[in-house]
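Results of the structural survey
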Amino acid sequence: MTHLTLENLDVRHGQLRAVKHVSISIAKSEILALVGANGAGKSTLLRAIAGAHRPASGRIMVSGTDITPLQSFQRVAAGISLVPEGRKLFQDMSVEENLIVGGISARKGGWTVAKIFEAFPNLVKRRHAKTGTLSGGEQQATAIGRALMSNPEILLLDEISLGLSPAAVDLVYASLEIAKAGTTLVLVEQDLSRAMNFATRIVCMLEGQFVLDAQTQDVTREQITEAYFGNRGRGH
Amino acid sequence: MTSNLLQAVFLGGNYALIAVGLSFMFSVMRIINLAHGSLAVLSSYLLFVLASKFGINPFLGLLIVVPVMAALGWILQRYILDRSARGGELLPVLTTFGLAILLDNLMFQRFGADTRSLAPYIGDLSWDAYELPGGFMVGKLQILTLATVVVIIAALQLFLKKTQLGRSIRATAMDPDTAGLVGIDAKRASAAAAAIALATVALAGAFLGMRVTFEPYSGGMQLLAAFEATVIGGLGSLWGTLLGGIVLAVAQTLGASIHPQGFLLGGHLAFLAILFVRLLRGRAFVSAWLTRARA
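First, a word on scope: everything that follows refers to the structure included in this document.

Here we come to the overall build of chain B. When helices and strands are tallied, chain B shows 11 helices and 2 strands. When its helices and strands are written in sequence order, chain B yields α-α-α-α-β-β-α-α-α-α-α-α-α. For chain B, the C-alpha radius of gyration of 20 Å lies close to 19 Å, the compact-globule estimate for 295 residues. Its C-alpha atoms put chain B at 60 × 45 × 35 Å along the principal axes. Relative to its 295 residues, chain B shows a buried fraction of 47%. In chain B, 71% of the contacts between residues at least 6 apart in sequence involve partners at least 24 apart.

Spelled out as structure tokens, the structure:
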């Protein structure tokens, strides 16, 4: 069943068309990794789905309902939650307060502050620490926890391993195993091996368009790399 | 002199009461509301009309004027400041400047140039005083003013820390874009903050009208005192605003003790001195940070 649908989505930054006429259907519980070079439009696309950028044209549908006119806070109530690039925690607030704020427009569901601390045990001892004092891994865990607090159906994750040590990235992905139950995930990931291990479907973006869309098991690393650099035509 | 300093502390309470709303609005919406003083005077006039025309005691009148001003704050943010903020950082400030001129002149048109006061409507509170140990006299109204501002600041701190709306307002103040992404209606949070700020303005207007006389153009001086107290106390810090009000009043009192006309000048000098120190320290801090970043 189709969960998230984009129809001819166009997103602009002023004159620049960051996302050009993109269409895709994502099924329920699918884990989709969005890969591509810097500036390919991945983050912009995620932010448009979350409602932080208004698309210039096109539609965004969740389970058949058009959510394009909704603002970002209304989309949280509609089941979409974004873990933004750079984590964007509320620095003057503690870990616990960040989680509580994440639950302000929460839908019905299983996530509570206590459950988040169970899923991210490394945060327990930092509960009352201001988020500015946390390590990168702890900050990323808090950001994911904050997004989960709204009990999303669709979780968008933007560059969650950026700037983290490999060990911290392992920890973050281990906790995502818990989060993915029943949730549709769309993640932007620079690390191709991780993307291929974790995701069920891979989409490659180049200059605002999709140039490759395949189930992970049907595609090779080489094919993705070619699409990544825009060499698709050469091999064919 | 000790008596004068004690009086100055209580006068500082008055400044802090008018400044607390300005400071709150700046910290949340990043808007310096130049109509702040005029809105306080408007509250004084509303209470005056209720007292003189309908015989309503100003303290009871607050039950009407506080909600009215809060509603005005909501509308002001939602339909005027929020829209003007789309035009850049400067536009909301210019908008409130225009609003101040509009309010002052509307009040002049409606109420004329006569000075008014709420003192006749509050019985002996306007002149009665307590004698403290050591023979110091402190006006009842002054004590009530200081107590009010302490209660307002404590309540605001508790509200910001412990309630869902308070957390929404803080999150919006830090990062409105991310606040929206985690499910907070940032516009609603800002409008609520403006409503709260103007509710404190209503109280400030009440105590202003009880303590001194006011006329349609009194707002400018109130804004100046509020602005100086806010900056001295460190922009956006609520307890700092109380301290800023007291420092301002003490500086004015010291100024007046040096020269009969030194009252306002003393306050301005303290304001400028602290502003200067902040700028220097700010620059020292930034250059130290840059050196560390380069290393």
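Every contact between the two is made by 15 residues of chain B and, on the other side, 22 residues of chain A. Those elements that place two or more of their residues in the side of chain B that touches chain A are helix H6 (164-174) and helix H7 (176-181) of chain B. Looking at the side of chain B that touches chain A element by element, the count peaks at 6 residues for H6(B). Considered class by class, the residues forming the side of chain B that touches chain A number 5 nonpolar, 5 polar and 5 charged.

A word on the pairing of strand E8 (residues 184-188) of chain A. Residue and element names in this part refer to chain A. Among the 5 residues in E8, 5 count as buried, and that is most of the element. The side-chain alternation of E8 yields two buried faces, one formed by Thr 184, Val 186 and Val 188 and the other by Leu 185 and Leu 187. In the sheet, strand E3 (residues 31-36) pairs with E8 via 4 bridges, with the strands oriented parallel. Within the sheet, the bridge partner assigned to Ala 33 lies in E8 and is Leu 187. Remark: the strand E7 (residues 154-158)/helix H6 (residues 166-179)/E8 crossover connection has right-handed handedness.

In this section: the sheet that holds E3(A). Residue and element names in this part refer to chain A. An order of E6-E7-E8-E3-E9-E10 is seen for the 6 strands of this open sheet, with the pairing classed as mixed. Each edge of the open sheet carries a strand with a single partner, namely strand E6 (80-83) and strand E10 (209-215). Each strand of the sheet is rotated relative to its neighbour by a mean of 15 degrees, with strand direction disregarded. Across the sheet, helix H5 (residues 136-148) touches E6 and E7, and the angle it forms with E6 is around 170 degrees. Helix-sheet contacts for helix H8 (residues 221-229) involve E3, strand E9 (201-206) and E10, and the interaxial angle to E9 is about 25 degrees.

All names here are of chain A. Ordered in space as E2-E1-E4-E5, the 4 strands form an open sheet in which the pairing is antiparallel. The strands lining the two open edges of the sheet, one partner per strand, are strand E2 (16-27) and strand E5 (65-66). Sheet topology places strand E1 (residues 2-13) next to strand E4 (residues 57-62); 5 bridges connect them, and they run antiparallel. Along E4, the bridge assignment pairs Thr 5 with Met 61.

Below, the discussion takes up the nonpolar core. Ranked by internal contacts, the top residues of the largest apolar core, which has 152 residues, are A:Leu156, B:Tyr15, B:Met25, B:Ala193, B:Leu198 and B:Leu248. Take this core: its biggest share by element is 19 residues, from helix H8 (residues 186-211) of chain B. What B:Ala193 contacts, discounting residues up to four positions off in sequence, is B:Phe24, B:Met25, B:Val28, B:Met29 and B:Ile169.

A word on the packing of helix H3 (residues 58-85) of chain B against helix H4 (residues 90-111) of chain B. Packed helices, taken two at a time, are described by their axes: the angle between them and the distance between them. All names here are of chain B. The contact between H3 and H4 brings their axes to 7 Å, and the two run at 145 degrees. Between H3 and H4 lies a crossing whose hand is right-handed. Within the contact between the two elements, H3 uses Ile 80, Leu 81, Ser 84 and Ala 85 and H4 uses Leu 91, Pro 92 and Thr 95. Here the residues of the contact of H3 with H4 are counted per class, giving 5 nonpolar, 2 polar and no charged.

Attention now moves to the pairing of E7(A). Residue and element names in this part refer to chain A. Of all the 5 residues making up E7, 5 are buried; the element is thus mostly covered by neighbouring parts of the structure. Here E7 shows two buried faces, one formed by Ile 154, Leu 156 and Asp 158 and the other by Leu 155 and Leu 157. By the bridge criterion, 4 bridges tie E6 to E7 in an arrangement that is parallel. Along E7, the bridge assignment pairs Val 83 with Leu 157. Alignment of E7 against E8, held across 5 bridges, turns out to be parallel. For Leu 157, the partnering residue across the bridge sits in E8 and is Leu 187.

Let us look at the environment of B:Phe26. All names here are of chain B. Structurally, Phe 26 is set in helix H1 (residues 2-29). We classify Phe 26 as buried; it has 20 C-beta atoms within 10 Å. Separated by 211 residues in the primary sequence, Phe 26 and Ser 237 place their C-alpha atoms 9.9 Å from one another. Excluding its chain neighbours within four sequence positions, the residues that come into contact with Phe 26 are Ile 31, Ile 32, Thr 230, Leu 235 and Gly 236.

Residues and elements named next belong to chain B. The terminal C-alpha atoms of H4, which comprises 22 residues, lie 32 Å apart, in line with the 32 Å expected from a rise of 1.5 Å per residue. Those residues of H4 lying buried are Pro 92, Thr 95, Thr 96, Ala 100, Asp 104 and Met 107. Where H4 is buried, its residues touch helix H2 (36-54), H3 and helix H9 (219-232). At the exit of H4 stands Gly 112, carrying a positive phi of roughly 75 degrees.

Definitions and limits used
- Residues numbered from 1 in each chain as written.
- Chains lettered and ligands numbered in written order.
- Predicted model: local features only at pLDDT ≥ 70, side-chain atom pairs only at ≥ 80, totals over all residues.
- Helix = DSSP H or I, 4+ residues; strand = E, 2+ residues; numbered from the N terminus.
- Rg over C-alpha atoms; globule rule 2.2 N^0.38 Å.
- Buried ≥ 20, exposed ≤ 12 C-beta atoms within 10 Å, placed from the backbone.
- Contact = placed C-beta atoms within 7 Å.
- Nonpolar A, V, L, I, M, F, W, Y, C, P; charged D, E, K, R; others polar.
- Pairing = 2+ DSSP bridges.
- Right-handed = clockwise from strand over helix to strand, strands pointing away.
- Axes fitted to C-alpha atoms, helices over the stretch in contact; angles between N-to-C directions.
- Core = buried A, V, L, I, M, F, W, Y, C linked by C-beta atoms within 7 Å.
- Left-handed = near helix turned anticlockwise from the far one by under 90°.
- Expected span 1.5 Å × (residues − 1).

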